[in-house]
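Examination of the molecular architecture
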Amino acid sequence: MCIVIPMLLRSLLLLCACQVRSKMSDDAGQMLLIYDDPSDHRSLSLDDASSTEESPDGTGLSLEAVNDVIPYIGQRFLTHDAAYDFYSTFAKRCGFSIRRHRTEGKDGVGKGLTRRYFVCHRAGNTPVKTLSEGKPQRNRRSSRCGCQAYLRISKITELGSVEWRVTGFANHHNHDLLEPSQVRFLPAYRSISDADKSRILMFSKTGITVQQMMRLMELEKCVEPGFLPFTEKDVRNLLQSFKKLDPEDENIDFLRMCQSIKEQDPNFKFEFTLDANDKLENIAWSYASSIQAYEIFGDAVVFDTTHRLSAVEMPLGIWVGVNNYGVPCFFGCVLLRDENVRSWSWALQAFTGFMSGKAPQTILTDHNMCLKEAIDGEMPATKHALCIWMVVGKFPSWFNAALGERYNDWKAEFYRLYHLESIEEFELGWRDMVNSFGLHTNRHINNLYASRSLWSLPYLRSHFLAGMTLSGRSKAINAFIQRFLSAQTRLAHFVEQVAVAVDFKDQATEQQTMQQNLQNISLKTGAPMESHAASVLTPFAFSKLQEQLVLAAHYASFQMEDGYLVRHHTKLDGGRKVYWVPQEGIISCSCQLFEFSGFLCRHALRVLSTGNCFQLPDRYLPLRWRRISTSFSKTFRSNADDHGERVQFLQNLVSTLVSESSKSKERLEIATEQTSILLSRIREQPISSLSLRDITSVQRNF
């Protein structure tokens, strides 16, 4: 039987449905809409977890007009899926969602599906779970509350035509319904399309946060914040699903990914070991750009081993340095199964193998005795030091409880001792600090003192650290590392994700380099040494040297039998000893700033100025701080080392040429004329070692 409801009544029913929210607050038990076809009446128990068997797939439109917005008895659909979609749309408009509940068939075998029930998402009650001993249980609150709202459809065959008709409908809810701004957050209305999944995976490889992913996709889709069809939790669950794979398959995929990168870029390098069961034990890798950067900036390296790759719960080691513009640069990665001497030794061997056997002058690490032993064995000529920011990061857990309110005062005293220049002053100050704060029996203080030669600046000033003990530098390195740590999804993708993060960093570095080079350098002293240094060093490096040049004017120098004594003009005693051999262009100072940072100190600069030196000796303008175009040197990375050095030397000459020529009109005219003649002669020479494509690429970089 088909009951046709007049259009006016349907409009009134829609109005009632839209007012459900206000009515529910007054009387949650009131029956809002209940219709039932007595000819098809069946009992309905919403607590029953019945079958959700589906009929063959098929989608159709309602046979009624498109302005049917409320279900009614006798409403017809071509398929039960079309009925489900219609009821789902109605539910979303009213403030709830639905789920398929019960399916029923006629008596007898092979009769098929004849009746379906669709219910409110809060229908029924949560079944009691059987507790398993030793197995953790999730104590998650259920949203089910026994709601009785439902829609029943039955399969009708007339004159050989099959359709589904509404035979029961109740819109009675015993819970509050959601506002339009809230209902879209129900799981039934949240979904991530395949295109969005691919986009999210691509974003994850760049290392951006989930919040940043959401904001980017909102901008791309031109929707207001919070109006995407999925939430941050959905994105996190999606990323987590990529990790739930078989570890053995992951290892195979990881090695395949490395081999694939190797086939695309022969300069990519990786090494790995397998255990007795042919399972991945250790793996290390480095990219072509990293190897090229290490040739110049690998004198001081941070080996950060404080992180773990959560996808596989393996210790992660990262080699990082600083380039000539003061920007962190990536050198390599290693994943280890164990953290013992044998594993660390293998990691160091693999790394030096990538770098053609070249070990750094200085390597900074966390306090790890196994790693220290491995460094002593594999890099005997390398100075091992501890990263001060890794040490200080443990202070709250070490000393907060012991010192209480005096913790900040003690930390300030620690930093004062750390920055002292004299070992004697440090030793005396440390003894006084221990007495003052009563730390004689504190094991952490005793361990710090025992390892003082590895972290205290008075003991490290004779070793080159490239300024990586500065707090600002440590923050930049940590931010760089966190970029690709936050990109973790699958192990097989991690090597690719690190590559994306490194490439992103390289591009950002190129932009920073360009911005620095475009800045007008302000000369503060007017001294020829200053203008000469400005033409050779990068703006970052020059700013460090310029600080010393400005301070040098405040110092007085006194010639002694064995050198010079330099002290501040307001001091009557003390000072630094400077040794200068003009004939050989050698100068050194007892403060050891050049050995520590690569920049001459104010004391040495004062002696050079007094001795009528108008240009800094070439050896005190280290190549690692000079203006070297990273993109230019990348083009020539496959050539011999001597060729690369000559290219860098030529680039320094060009930089000096431009600087000197711009000082007067006459100089500029001579430089332009002579350079044009030289360029014509160069173009007459044949191209032998480089292809035309390489030459074009170099020209674009310039």
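Remember, predicted model here, so these are calculated numbers, not experimental data.

What counts as what
- Note on numbering: residues in each chain are counted from 1, in written sequence order.
- Given that the model is predicted, a residue must reach a pLDDT of at least 70 before its local features are reported, and side-chain atom pairs must reach 80 or more before they are shown or counted; all residues, however, enter totals for whole chains, interfaces and linings.
- Based on all heavy atoms of the structure, the side-chain values leave hydrogens and waters out of the count.
- Runs of E in the DSSP output that reach at least two residues are strands. Runs of H or I that reach at least four are helices, and both are numbered from the N terminus.
- Contacts are assigned to residue pairs that have any heavy atoms within 4.5 Å of one another.
- Any N or O atom pair separated by 3.5 Å or less is treated as a polar contact, with the protein-specific requirement of one donor-capable and one acceptor-capable atom, and with residues adjacent in sequence counted only for side-chain atom pairs.
- By this definition, two strands are paired if DSSP reports at least two bridges between them.
- Axis definition: a line fitted to C-alpha atoms, limited for helices to the stretch in contact. Angles are taken between N-to-C directions and run from 0 to 180 degrees.
- Think of it in three bands: with a 1.4 Å probe and only protein chains considered, a residue is buried below 20% of the maximum accessible area for its type, exposed above 50%, and partly exposed in between.
- Helix span, expected: 1.5 Å multiplied by one less than the number of residues in the helix.
- Buried Ala, Val, Leu, Ile, Met, Phe, Trp, Tyr and Cys residues that are joined via side-chain atoms within 4.5 Å together make up what is termed a nonpolar core.
- What makes a salt bridge here is a side-chain nitrogen of Lys or Arg within 4 Å of a carboxyl oxygen of Asp or Glu, nothing more.
- To sort the angles, those under 35 degrees are grouped as roughly parallel, those over 145 as roughly antiparallel, those from 65 to 115 as roughly perpendicular, and the leftovers as oblique.
- For this classification, the nonpolar set comprises Ala, Val, Leu, Ile, Met, Phe, Trp, Tyr, Cys and Pro, the charged set comprises Asp, Glu, Lys and Arg, and every other residue, Gly included, is treated as polar.
- Candidates for patches are residues over 30% relative accessible area with no salt bridge; among them, like charges are joined within 9 Å and nonpolar side chains (Val, Leu, Ile, Met, Phe, Trp, Tyr) within 5 Å.
- The Shrake-Rupley method, run with a 1.4 Å probe sphere, supplies the accessible areas, and residue values consider only the shown protein chains as cover.
- Any two of the Phe, Tyr and Trp rings considered here, Trp counted by its six-membered ring, make a pair once their centres fall within 6.5 Å; the pair's planes then place it as stacked at under 30 degrees, edge-to-face at over 60, or tilted in between.
- Charge-over-ring placement is defined geometrically: NZ (Lys) or CZ (Arg) within 6 Å of the ring centre, and within 35 degrees of the ring normal.

1. Notes on the environment of E218
Within the secondary structure, E218 sits in helix α6 (residues 210-221). E218 has contacts with V223, E224, P225, G226 and L228, leaving out every residue within four places of it along the chain. Here the side chain of E218 touches G226 through a polar contact of 2.8 Å, landing on its backbone nitrogen.

2. Focus: the sheet that holds strand β9 (residues 300-309)
In any sheet, the strands associate via hydrogen bonds between backbone groups, in a parallel or an antiparallel arrangement. The strand order across the open sheet formed by 7 strands is β7-β8-β11-β10-β9-β12-β13, and the pairing between neighbours is mixed. With one partner strand each, in any of the chains shown, β7 (269-274) and β13 (383-386) form the two edges of the open sheet. Here the strands of the sheet are splayed against their neighbours by 20° on average, with no regard to which way each runs. The pairing of strand β12 (residues 362-365) with β13 spans 4 bridges and is classified as parallel. Following the sheet pairing, T365 is matched in β13 by L386. The strands touched by helix α9 (residues 288-297) are β7, β8 (280-286), β9, β10 (314-322) and β11 (328-336); relative to β11, the strand with the most contacts, the crossing angle is about 120°.

3. Details of the pairing of strand β4 (residues 113-120)
With respect to burial, β4 is a largely interior element, 8 of its 8 residues being buried. The pairing of β4 with strand β5 (residues 150-158) spans 5 bridges and is antiparallel. Pairing of R115 across the sheet is with S154, part of β5.

4. Quick word on helix α21 (residues 528-536)
Here α21 lies mainly inside the structure; 8 of its 9 residues are buried. Among the residues making up α21, those that are buried are M529, E530, S531, H532, A533, A534, S535 and V536.

5. Some points on the sheet that holds strand β17 (residues 586-589)
Read from one edge of the open sheet, 4 strands run β14-β15-β16-β17, paired in antiparallel fashion. Edge strands, defined here as strands with exactly one partner in the open sheet, are β14 (555-560) and β17. The mean angle between the axes of side-by-side strands here comes to 25°, regardless of whether they run parallel or antiparallel. Pairing geometry for strand β15 (residues 563-568) and strand β16 (residues 576-581), over 3 bridges, is antiparallel. The residue bridging V566 from the neighbouring strand is R576, located in β16. The sheet strands contacting helix α24 (residues 602-610) are β14, β15, β16 and β17, and the helix crosses β14 at an angle near 70°.

6. So, the environment of S456
Following the sequence through the fold, S456 ends up in the loop between α17 (452-455) and α18 (457-460). Expressed as a C-alpha distance, the spacing of S456 and H419, which sit 37 residues apart in the sequence, is 7.7 Å. Apart from residues lying up to four places away in sequence, S456 is in contact with Y418 and F426.

7. Let's talk about helix α14 (residues 407-418)
Between its first and last C-alpha, α14 extends 16 Å over 12 residues, near the 16 Å set by a 1.5 Å rise per residue. Where α14 is buried, its residues touch α12 (388-392), α13 (395-403), α15 (423-437), α16 (443-450), α17 and α18.

8. Here's the deal with the nonpolar core
Ranked by size, the top nonpolar core spans 96 residues in total, and within it W285, W410 and W430 carry the most contacts. The greatest single-element share of this core, amounting to 6 residues, is contributed by helix α22 (residues 539-552). Contacts of W285, omitting those with residues within four sequence positions, involve F254, F268, K269, F270, G332, C333, L335, F354, F494, V495 and V498.

9. A word on the pattern of salt bridges
Overall, the coordinates contain 19 salt bridges when judged by the stated rule. Beyond isolated ion pairs, a larger network of salt bridges with shared partners links E158, E163 and R165.

10. Here we look at the packing of α21 against α22
Between α21 and α22, the least distance of the axes is 10 Å, while the angle of their chain directions is 170°. One way to sum up the angle between α21 and α22 is to call them roughly antiparallel. Contact with α21, carried on its side by M529, E530, A533 and A534, involves F542, L545, Q546 and L549 of α22 and no other residues of that element. Class assignment for the residues of the contact of α21 with α22 results in 6 nonpolar, 1 polar and 1 charged.

11. A closer look at the packing of α13 against α14
One can describe the packing of α13 onto α14 by two numbers: an axis separation of 9 Å at closest approach and a directional angle of 125°. Put simply, α13 runs oblique to α14. Residues F395, P396, F399, N400 and L403 of α13 pack against Y407, W410 and F414 of α14. Grouping the amino acids of the contact of α13 with α14 by side-chain chemistry returns 7 nonpolar, 1 polar and no charged.

12. Some points on a nonpolar patch on the surface
Residues L650, L653, V654 and V658 make up a contiguous nonpolar surface patch of about 350 Å² in total accessible area. Taking the relative accessible area as the measure of exposure, L653 reaches 44% and is therefore partly exposed.

13. Overview of the environment of D265
As for its placement among the helices and strands, D265 is situated in the loop between α8 (247-264) and β7. Given a relative accessible area of 25%, D265 falls into the partly exposed group. Separated by 22 residues in sequence, D265 and Y287 have C-alpha atoms that sit 8.8 Å apart.

14. Considerations on the side chain of S557
The residue S557 is located in strand β14 in this model. For S557, the contacting residues outside a window of four places in its chain are L565, V566, R606, V607 and T610.

15. Comments concerning the packing of aromatic side chains
Summed over the entire model, instances satisfying the criterion amount to 36 aromatic pairs. Here the aromatic rings of F395 and F399 are separated by 5.4 Å at their centres, their planes lie at 70°, and the arrangement is edge-to-face. One end of the pair, F395, and the other, F399, are both in helix α13, 4 residues apart, so they sit about a helical turn from each other. The class for F395 is buried, based on a relative accessible area of 0%. The buried category is assigned to F399, whose relative accessible area is 0%. A cation over an aromatic ring shows up here: R100 above the ring of Y84, its NZ or CZ 3.9 Å from the ring centre. A cation over a ring is seen here: R624 above W625, with NZ or CZ 4.5 Å from the ring centre.

In short, geometric facts, not functional conclusions.
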